[in-house]
Each structure stands twice: as C-alpha cells, then as structure tokens.
Amino acid sequence: MPNKIAQEKFKKVFNHVLEPIILGVIALLFIIPAITVFNLSPITKTLEKLNVLGVKSQDALQLELVEGRHAIVRNEFLKKEDDGSYLYSTTLTKRSSDTYSKPIIKIKNETGAIQTLLIYGQTESPTKTNISIIVNNINYKLQDDKNMTYPQEIPIEPGLETTLFLSLENFSGIQFSEDFEMDIKIKQN
C-alpha cells in the first residue's frame, strides 16, 4: 500500500512538474535549429556601399533602387553591368485601365557637371501600355500604346538627388503579368 501511494505521488509530481519541463526541452530541440536556419539564410537586401578610408567610388552617377511595395510593380531589380551601364527589370502585374506611377531609382550626381542618362525600355509583349519615366515633373516616353519604343536622354543636375518614377497608362485592362526591362547608360561627354 505505501508503494502504491508513493507511485501516485510520483505520478502527480511528474504530471505537474516534470512533464512540462520535458515538453519544453523537446520543443527547444526543434525551435533552436529552426532559428539557426533562419539566421543562416542569405541576406537579399542591398548592402550599403562602404566608404573605406574616405575613398569614394569613381562613378559619375550613383544609382540606387528605391524598392517599396506597390500594387502593380513587383520584383524590381537594378543590376550594374560590366560595361558600367545598368539594367532595371520588374514585373508589371495585371491591372485595370488607369494611370499608375512608382518611384523606382534614386540618382546622385556628385560631379560638378550635368550628366546625361541614355534610357531605353520596353515590355516583351504588346499590351497597349504607355510607359514613361518622370523626372522633375517632365515626362519621357519609353513605349507608346502601339508598342513603339523611344530612347530618351535625361539630364541629371549636379549636386542633387533625383528620383526616376515609372509611369504606366492603360486604356483597357491587362489580365496578365508582363516583364519590363530598361537599359540605363551614362552618356560620355
């Protein structure tokens, strides 16, 4: 009989004290590896350019992706090519007939002179979308509703930070996503 009472006491203590501790330890065995995996995931954000010992990049212009969320403009990328030009690409999702705009690229002109960007952009499929770049309230048309493309030269004032806006205008709804690419080159004087 005392043996049975001791067993009952042990079960009570085990159920109230030891069982939650054991379950907590088991849970930690799964949580700690999961946290470790998340912390080892690669960083996909753009790292800030480092200013090593006061030395700055010799680029005439510095371009930086604005990012941010937008209902139509998704999956934006800005890649610097080996020849010094840039490639901006994005996915334009399905949309109703309307006008949309989004800031896409910040440009810093740290030279003492006006720099000129040569910009050429288009979609792969003809969707009757007017696509423009807006800089300082000036509209530069890249593609018209007949899918004709227009290369543009955009002056960037020295000592200022300028923002390029991507502007889309549809007169009818688009029911599928499309890719848009834009080449950006710095005109050599």
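Bear in mind the structure is a predicted one, so any value in this text is a computation, not a measurement.

## Here's the deal with the confidence of the model for the chain
Okay, step 1: With 88% of its residues at a pLDDT of 70 or more, the chain shows a mean pLDDT of 83.
Okay, step 2: Here residues 50-56 is a poorly scored stretch, pLDDT under 50, and it has two contacts once near neighbours within four places are set aside; other chains count.

## Here we look at the sheet that holds strand β7 (residues 138-143)
Okay, step 1: With respect to topology, five strands assemble into an open sheet ordered β1-β4-β9-β6-β7, the strand pairing being antiparallel. On the outer flanks of this sheet lie β1 (61-65) and β7, each paired with one strand and no other. Averaged over all pairs of adjacent strands, the angle between their axes in this sheet comes to 30 degrees, without regard to strand direction.
Okay, step 2: Sheet topology places strand β6 (residues 129-135) next to β7; five bridges connect them, and they run antiparallel. Opposite Ser-132, over in β7, you have Lys-141 as the bridge partner.

## Focus on the environment of Val-73
Okay, step 1: Positionally, Val-73 belongs in strand β2 (residues 73-80).
Okay, step 2: Look at Val-73 and you get buried, because its relative accessible area is 4%.
Okay, step 3: Note: C-alpha distance between Val-73 and Ser-101 (28 residues apart in sequence) is 8.8 Å.
Okay, step 4: Excluding its chain neighbours within four sequence positions, the residues that come into contact with Val-73 are Tyr-88, Thr-90, Thr-91, Leu-92, Lys-102 and Leu-166.

## Some points on the sheet that holds strand β3 (residues 86-92)
Okay, step 1: Pairing is antiparallel across the open sheet formed by five strands, whose spatial order is β2-β3-β10-β5-β8. Of all strands in the sheet, those with a lone pairing partner are β2 and β8 (152-156), marking the two edges. Averaged over all adjacent pairs, the angle separating strand axes in this sheet is 20 degrees, with direction ignored.
Okay, step 2: Direction of pairing for strand β5 (residues 115-123) relative to strand β10 (residues 178-186): antiparallel, over a ladder of seven bridges.

## Some remarks on the pattern of salt bridges
Okay, step 1: Scanning the entire structure with this criterion turns up four salt bridges.
Okay, step 2: Residues Lys-146 and Asp-145 are paired through a salt bridge, measuring 3.7 Å at the closest nitrogen-oxygen approach.
Okay, step 3: Lys-187 serves as the salt-bridge partner of Glu-153, at 3.3 Å between the closest nitrogen and oxygen. Placement of the pair is Glu-153 in strand β8 and Lys-187 in the segment after β10, with a sequence separation of 34 residues.

## Structural notes on the nonpolar core
Okay, step 1: Within the largest apolar cluster, 28 residues are counted, with the highest numbers of intra-cluster contacts made by Tyr-88, Ile-105, Leu-117, Ile-133, Leu-166 and Met-182.
Okay, step 2: If we ignore the near neighbours within four places in the chain, the residues touching Leu-117 are Leu-61, Ile-107, Gln-152, Glu-153, Ile-154, Ile-156, Ile-184, Lys-185 and Ile-186.

## Description of a negative patch on the surface
Okay, step 1: Residues Glu-124, Asp-179, Glu-181 and Asp-183 make up a contiguous surface patch of negative charge.
Okay, step 2: Of note, Asp-183 is situated in strand β10.

## Some details on the pairing of β5
Okay, step 1: As paired elements, β5 and β8 share five bridges and run antiparallel to each other. Within the sheet, the bridge partner assigned to Leu-117 lies in β8 and is Ile-154.

Conventions and cut-offs
- Residues numbered from 1 in each chain as written.
- Predicted model: local features only at pLDDT ≥ 70, side-chain atom pairs only at ≥ 80, totals over all residues.
- Heavy atoms only, no water.
- pLDDT = per-residue confidence, 0-100.
- Contact = heavy atoms within 4.5 Å.
- Pairing = 2+ DSSP bridges.
- Helix = DSSP H or I, 4+ residues; strand = E, 2+ residues; numbered from the N terminus.
- Axes fitted to C-alpha atoms, helices over the stretch in contact; angles between N-to-C directions.
- Buried < 20%, exposed > 50% of the residue type's maximum accessible area, 1.4 Å probe, protein only.
- Salt bridge = Lys/Arg side-chain N within 4 Å of Asp/Glu carboxyl O.
- Core = buried A, V, L, I, M, F, W, Y, C linked by side-chain atoms within 4.5 Å.
- Patch = residues over 30% accessible without salt bridge, like charges linked within 9 Å, V, L, I, M, F, W, Y side chains within 5 Å.
- Areas by Shrake-Rupley, 256 points an atom, 1.4 Å probe, with all protein chains shown as cover.
- Lys, Arg positive; Asp, Glu negative; His and termini not counted.
- Charge placed at Lys NZ, Arg CZ, Asp CG, Glu CD.

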